[in-house]
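# Reading the structure
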Amino acid sequence: METRITLGVSACLLGENVRYDGGCKLDPYLVHTLARFARFVPLCPETESGMGVPREPVDLWAGGGGEVRAVGRESLADYSRSWREWAKAKAGELEGEDLWGMILKSRSPSCGPQVEIREGCGQKRRTGMGFFAEEVARSLPLVVVESEESLYDPGRRENFIVRLFAMRRLKKLVEGEKTRGRLVDFHTCEKLLLMAHSAEGYRSLGRTVARPTKEPLDRVYEAYRDGFIGALSHRSTRAKNCNVLLHAAGYFKRNLDVIEKGELGEAIEGYRAGLLPLTVPMTLLNHWNRRWRHPWLGAQSYLNPHPLELRLKCLA
Ligand code: SF4
């Protein structure tokens, strides 16, 4: 039976009237499409940490020591302490929810994965993270976070879906029995996926896997976990995916005739040109691998998405 993915979501994106102006920011993709496949855990850092509706807007300011503060635009009240305390407690509570990812409201000083932070007298601005998004990144590193705005872009949406499932596999690895063999198997099966995100990340993880056996396994697993998260944070692009698809197609060079090779090549080039979704060359590669059975290729997570992941990718 398929497991539904569980996502933490900013409550205003689900239509709850909790914004500072008393309104919401209902997101049709979440509510009408993603909701068919996911269980949502709504959260609103500002109201749940004690602020009312409506309320004054809040801006983030960087102080002299670099510490960021949440300051009310009208009252100049400092909400930093209550926001931080709430975020820490909420992140702890969410560990029990077994979240796969979070979709947080863009540009919100509390929720936003990317927000504007004012510096000096306010003329200078830099980009940082909202208070809650920052706590999630620190306390729940295997939870994939995106803003609803970034999911409007089909490429970023697909990346989000891929990372949700990859982090689930990583979680299973790091929470299971720690052996060198499991780590090597995992790294082998994730090769094409890692290459599609970061070839350098893949090579660096290979060096982690090959560390001397006297190094404690806990340390090796921790380094692998951090490196894997880092590698997947690089966006996969059409060009990187095409390299990986061509690499996979190379496995069939002795199996396919000229017409079959031509069809596979056209599917890859059609994807490169933006005329076909990634699922088309992937489906073709899987079709040929069912026929010719290359075990290494058949084990690649890149070519074997979970059925639910495949359906979500088709929507991406
Ligand atoms: Fe609440 Fe976050 Fe939406 Fe603001 S952006 S209303 S804090 S859920």
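For the structure itself, look to the data block above.
Just so we're clear, the structure is a prediction, and the values are computed from it rather than from any experiment.

## Concerning helix α6 (residues 180-189)
Every buried residue of α6 is listed here: L183, F186 and H187. Angularly, the buried residues of α6 cover 95 degrees about the axis, an arc narrow enough to put them on a single face. Summarising the contacts, the buried residues of α6 are in contact with α5 (154-175), α7 (191-197), α8 (199-209) and α9 (217-232).

## Details of the sheet that holds strand β3 (residues 58-62)
With respect to topology, four strands assemble into an open sheet ordered β4-β3-β6-β7, the strand pairing being mixed. Looking at strand neighbours, the two that pair on one side only are β4 (68-72) and β7 (124-128), the edges of this open sheet. Across the sheet, the axes of successive neighbouring strands diverge by a mean angle of 40 degrees, strand direction being ignored. As paired elements, β3 and strand β6 (residues 115-119) share three bridges and run parallel to each other. Each residue of the ladder has a partner; that of A62, found in β6, is E119. Of the strands in this sheet, β3 and β4 touch helix α3 (residues 80-94), which is tilted by about 120 degrees from β4.

## Side note on the packing of aromatic side chains
Inspection of the entire model under this criterion finds eight aromatic pairs. For the pair Y251 and W296, a centre-to-centre distance of 5.4 Å together with 10 degrees between the ring planes defines the contact as stacked. Of the two residues, Y251 sits in the loop between α10 (238-249) and α11 (258-272) while W296 sits in helix α13 (residues 295-298), which places them 45 residues apart along the sequence. Overall, the relative accessible area of 30% leaves Y251 in the partly exposed class. Taking relative accessible area as the criterion, W296 reaches 24% and is therefore assigned partly exposed. Every member of this aromatic cluster is reached through a ring pair, and the members are Y79, W83 and F131. Between R291 and the ring centre of W292, over which it is positioned, the NZ or CZ distance is 4.1 Å.

## Regarding unusual backbone geometry
The peptide bond linking V53 to P54 adopts the cis configuration, its omega dihedral lying at -5 degrees. At D98, a residue that is not glycine, the phi angle is positive and equals roughly 50 degrees. Here D98 shows up in the loop between α3 and β5 (101-104). Phi at R293 takes a positive value of approximately 50 degrees, unusual for a residue other than glycine. You can see R293 is positioned in the loop between α12 (279-292) and α13. Judged by its relative accessible area of 67%, R293 falls in the exposed class.

## As for the site of the ligand
Taken together, 14 residues lie around the ligand, and C12, C44, K105, S110 and C111 are the ones closest in. For the shell around the ligand, a count of residues per class yields seven nonpolar, three polar and four charged.

## Focus: the sheet that holds strand β1 (residues 5-10)
Taking strand neighbours across the sheet as the criterion, the four strands line up as β2-β1-β5-β8 in an open arrangement whose pairing is parallel. With partners counted over all chains shown, the strands left at the sheet margins are β2 (38-43) and β8 (144-147), one partner each. When strand polarity is set aside, the average angle formed by the axes of neighbouring strands in this sheet is 25 degrees. Judged from the three bridges that link them, β1 and β5 form a sheet pairing that is parallel. From the neighbouring strand, V9 faces β5, where its bridge partner is I103. Along the sheet, α5 contacts β1, β5 and β8; its crossing angle with β8, the most-contacted strand, is approximately 160 degrees.

Reading guide: rules and limits
Residues numbered from 1 in each chain as written. Predicted model: local features only at pLDDT ≥ 70, side-chain atom pairs only at ≥ 80, totals over all residues. Heavy atoms only, no water. Buried < 20%, exposed > 50% of the residue type's maximum accessible area, 1.4 Å probe, protein only. Helix = DSSP H or I, 4+ residues; strand = E, 2+ residues; numbered from the N terminus. Arc of directions from axis to C-beta. Contact = heavy atoms within 4.5 Å. Pairing = 2+ DSSP bridges. Axes fitted to C-alpha atoms, helices over the stretch in contact; angles between N-to-C directions. Phe/Tyr/Trp six-rings, centres within 6.5 Å; stacked < 30°, edge-to-face > 60°. Lys NZ or Arg CZ within 6 Å of the ring centre and 35° of its normal. Near = heavy atom within 4 Å. Nonpolar A, V, L, I, M, F, W, Y, C, P; charged D, E, K, R; others polar.

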